[in-house]
Amino acid sequence: MYRWAKCPASPYHLVDFPVPPKSYTQEGTKAHDLGEAMLLGNSYDESQYDEATISNVKMYAQYVKSLQAKLKGELHVELKVEVSSVSPLLYGRADAIIVSDKRLDVIDYKNGKSTVYAKENKQFSYYALGAIDTLELRGLDKIVLHCVQPNIKRKNKFDVWDTDSEYINSFRQELSEALSYAKANRKEYNIGQWCFFCNTAECPAHVEKLTEDMTDIQQLSF
Ligand code: SF4
């Protein structure tokens, strides 16, 4: 959402030019597959993973399992969530969701080295909203967003934020407004740090900027 709220053309651009797989995204996907297998008790081929990945993903799986045991909740692994209250076009896949008495926990595994914060995290909020819509959850008192990120330098590898339905309802409104804006301005390209999550190589705005930069360099050369 962050990207398309900033650059309305990006969702349409990505339909024609999907982001090519990068090595770190492939590693992340493998780690998520392993996490799914561990949480569901499925077998996996250890030889396909290095020791660090196995140990990192074990940390995530143990975290989820102990939380589930503590809350005596219902665990959903790699749940396909649909944010139907905003649009049938919005969906995603949540790593782990625990539903317990009037409480929803969203747990996300991050394989990267940059610290991710749970507070007001748009991706985790999106999963929470999607879980509420998909599982038709009503009357929640507490919503908790968790991030498990074993590869960051920080000693504490977990980040947790407690919130409530009021916050998620305001996020739903924000999402709806961002979607309307994106639909109304679908030809508007806007370059920024969010391009990191997009296909810059095929982006006309980037090509144009590159051409301008080249012209500037030629004008400066003697
Ligand atoms: S690369 Fe950046 S400017 Fe181009 S479509 Fe993607 S987000 Fe928009």
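Please refer to the structure placed before this passage.
Bear in mind that the values here come from a model prediction, so they are computed numbers and not experimental data. (Residues numbered from 1 in each chain as written. Predicted model: local features only at pLDDT ≥ 70, side-chain atom pairs only at ≥ 80, totals over all residues.)

**Looking at the nonpolar core**
Here is the rule we go by: Each nonpolar core consists of buried Ala, Val, Leu, Ile, Met, Phe, Trp, Tyr and Cys residues. Their C-beta atoms, within 7 Å, join them into a set. Put plainly, a residue is buried at 20 or more neighbouring C-beta atoms within 10 Å of its own, exposed at 12 or fewer, and partly exposed in between, counting only other residues' C-beta atoms, which are placed from the backbone. We call two residues in contact whenever the C-beta atoms placed from their backbones are within 7 Å.
Ranked by internal contacts, the top residues of the largest apolar core, which has 37 residues, are Ala94, Ala96, Val106, Tyr127, Ala128 and Ala131. Contact partners of alanine 131, with chain neighbours within four places excluded, come to Leu79, Val81, Ala94, Ile97, Leu104, Val106 and Leu137.

**Concerning the pairing of strand 2 (residues 91–100)**
Note on strand geometry: in a regular strand, side chains alternate between the two faces of the sheet. Threshold: Should DSSP find at least two bridges between two strands, the strands are taken to pair. Each helix is a run of H or I in the DSSP string that is no shorter than four residues. Each strand is a run of E no shorter than two, and both are numbered from the N terminus.
Bridging between strand 1 (residues 74–82) and strand 2 involves eight bridges; their strand directions are antiparallel. Across the sheet, leucine 79 pairs through a bridge with alanine 94, a residue of strand 2. Sheet topology places strand 2 next to strand 3 (residues 103–109); five bridges connect them, and they run antiparallel. Looking at the pairing, isoleucine 97 lines up with valine 106 of strand 3. A loop of two residues connects strand 2 with strand 3, the two strands running antiparallel in sequence, and lysine 102 in this loop sits at a positive phi of about 55°.

**Some words on the environment of alanine 9**
Along the chain, alanine 9 turns up in the loop between helix 1 (2–6) and helix 2 (10–16). Along the primary structure alanine 9 and asparagine 185 are separated by 176 residues, whereas in three dimensions their C-alpha atoms are 7.2 Å apart. Setting aside anything within four residues of it in sequence, one finds alanine 9 in contact with Arg186, Lys187, Glu188 and Tyr189.

**Overview of the site of the ligand**
Threshold: By definition, a residue lies near a molecule or strand provided its backbone-derived C-beta atom is within 6 Å of it. Amino acids are sorted into nonpolar (Ala, Val, Leu, Ile, Met, Phe, Trp, Tyr, Cys and Pro), charged (Asp, Glu, Lys and Arg) and polar (every other residue, Gly among them).
Neighbouring the ligand are 15 residues, the closest being Cys7, Ser10, Cys195, Cys198 and Cys203. Mapped onto the shell around the ligand, the elements with two or more residues apiece are helix 2 and helix 7 (204–220). Partitioning the shell around the ligand into residue classes produces nine nonpolar, five polar and one charged.

**Looking at helix 5 (residues 122–134)**
Using the following cut-off: By definition here, a helix of n residues has an expected span of 1.5 Å times n minus one.
For helix 5, which comprises 13 residues, the first-to-last C-alpha distance of 18 Å matches the rise-based estimate of 18 Å (1.5 Å per residue) to within 8%. Here helix 5 has its buried residues at Phe124, Ser125, Tyr126, Tyr127, Ala128, Leu129, Gly130, Ala131 and Ile132. Just downstream of helix 5 lies glutamate 136, where phi reads positive at about 55°.

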